[in-house]
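Analysis of the macromolecular model
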Amino acid sequence: MISLDPASAVPPYEQVRSQFARQITERELAVGTRLPTVRALAAELGLAVNTVARAYRELEEAGLIETRGRAGTVVSAAGERSRERVLRAARSYAATAREQGLTADEALEIVRAALAG
């Protein structure tokens, strides 16, 4: 489900957060899918509990997951809405790029730079 790259300059919590975020937005994890508990995932990955808790907290703040007490942490329906919002923004960006005379390669390079920055 989640794998860490110990040689990466990216902090472990961010590796966990970004992998879950990608899996949710790419629909690899469906709405309602139960995530491992913070303690279980921390033990599996060899991380401190607070590291995983930070990743989960940021995912919850982004609306991608929700904690339901004893029922655990699940993929939120808001994650689907987030994907739709990004799709609308992408369509708007594509229309603007065309209006400005950018090629598809130029427009994609701008997006890559924005995502990297």
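The rules behind these values
Residues numbered from 1 in each chain as written. Predicted model: local features only at pLDDT ≥ 70, side-chain atom pairs only at ≥ 80, totals over all residues. Heavy atoms only, no water. Helix = DSSP H or I, 4+ residues; strand = E, 2+ residues; numbered from the N terminus. Buried < 20%, exposed > 50% of the residue type's maximum accessible area, 1.4 Å probe, protein only. Polar contact = N/O pair within 3.5 Å; in protein donor to acceptor, adjacent residues only side chain to side chain. Contact = heavy atoms within 4.5 Å. Arc of directions from axis to C-beta. UniProt positions renumbered as here; feature names shortened; annotations may be inferred.

It is worth spelling out the side chain of Ser76 at this point. Within the secondary structure, Ser76 sits in the loop between β2 (73–75) and α4 (77–99). Taking the relative accessible area as the measure of exposure, Ser76 reaches 7% and is therefore buried. A distance of 3.4 Å separates the side chain of Ser76 from the backbone oxygen of Gly63, its partner in a polar contact. When sequence neighbours within four positions are dropped, the list of residues in contact with Ser76 reads Val31, Gly63, Leu64, Ile65 and Glu66.

What follows is about helix α2 (residues 38–45). Buried within α2 are the following residues: Leu41, Ala42 and Leu45. For α2, the buried positions fall inside an angular range of 100° around the axis, keeping them on one side. Relative to its buried face, α2 has exposed residues pointing more than 90 degrees away, namely Arg39, Ala43 and Glu44. On its buried side, α2 packs onto α1 (12–25) and α3 (49–61). Trailing α2 by a residue or two, Gly46 shows a phi angle of about 70°, which is positive.

What follows is about the UniProt feature "domain: HTH gntR-type" (unreviewed entry) in the protein. As annotated in UniProt, the feature "domain: HTH gntR-type" (unreviewed entry) corresponds to residues 10–78 in the numbering used here. For residues 10–78, helix accounts for 54% and strand for 9%, while the C-alpha atoms at its two ends are 26 Å apart.

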